[in-house]
Amino acid sequence: MSAMAQWSENAACGSTDPEDLFTDSAGQKRAKSLCMSCAVQTECLAEALDNHIEFGVWGGMTERERRALLRRRPDVTSWRTVLETARRDREQQRAS
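### Some words on helix α2 (residues 25-35)
At step 1: Every buried residue of α2 is accounted for by G27, Q28, A31 and C35. One face of α2 carries all of its buried residues, which in axial projection span an arc of 100 degrees. In α2, the exposed residues that point more than 90 degrees away from the buried face are K29 and R30.
At step 2: Looking at the packing, one finds that the buried side of α2 touches α3 (41-50) and α4 (63-72).

As structure tokens, then:
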């Protein structure tokens, strides 16, 4: 089983219509709100950034937001590493 298949099984959007994730701006706001409570938001966003996925809402970011982030940080070779490190740091800060 691929890494994407493993995390995507736990995605909050798994039971929604995929069209809801590939929609206009009003629909994107609804999709992004679903992402905010998703247990695999980090993995989803990393998948989209690492693979330069052009369309849809992934990990709480629209295609426009992802493109802007990729332009600001062209040096990043693994978004999965960056995002997982940031998540661990946040969790450690909360625990302190």
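### Some points on the state of the cysteines
At step 1: Taken as a whole, this structure holds zero disulfides when the rule is applied.
At step 2: Note on C38: no disulfide assigned, nearest cysteine sulfur contributed by C13 at a separation of 6.3 Å.
At step 3: The thiol of C44 is unpaired, and the distance to the nearest cysteine sulfur, on C35, comes to 6.0 Å.
At step 4: For C44, a relative accessible area of 12% corresponds to the buried category.

### Observations concerning a positive patch on the surface
At step 1: On the surface, R64, R67, R71 and R72 cluster together into a positively charged patch.
At step 2: Along the polypeptide, R71 turns up in helix α4.

### Description of the nonpolar core
At step 1: Core analysis: the biggest nonpolar cluster contains nine residues, these being L45, A46, L49, M61, L69, L70, V76, W79 and L83.
At step 2: Those elements giving two or more residues to this core turn out to be α3, α4 and α5 (79-95).
At step 3: Per-element accounting of this core gives the leading share, three residues, to α3.
At step 4: In this view, M61 contacts L45, G56, R66 and L69; residues no more than four positions away in its chain are not counted.
At step 5: Residues A11, C38, V40 and W58 belong to the second largest nonpolar core, which totals seven residues.

Basis of the calculations
- Residues numbered from 1 in each chain as written.
- Predicted model: local features only at pLDDT ≥ 70, side-chain atom pairs only at ≥ 80, totals over all residues.
- Heavy atoms only, no water.
- Buried < 20%, exposed > 50% of the residue type's maximum accessible area, 1.4 Å probe, protein only.
- Helix = DSSP H or I, 4+ residues; strand = E, 2+ residues; numbered from the N terminus.
- Arc of directions from axis to C-beta.
- Contact = heavy atoms within 4.5 Å.
- Disulfide = S-S within 2.5 Å.
- Patch = residues over 30% accessible without salt bridge, like charges linked within 9 Å, V, L, I, M, F, W, Y side chains within 5 Å.
- Areas by Shrake-Rupley, 256 points an atom, 1.4 Å probe, with all protein chains shown as cover.
- Salt bridge = Lys/Arg side-chain N within 4 Å of Asp/Glu carboxyl O.
- Lys, Arg positive; Asp, Glu negative; His and termini not counted.
- Charge placed at Lys NZ, Arg CZ, Asp CG, Glu CD.
- Core = buried A, V, L, I, M, F, W, Y, C linked by side-chain atoms within 4.5 Å.

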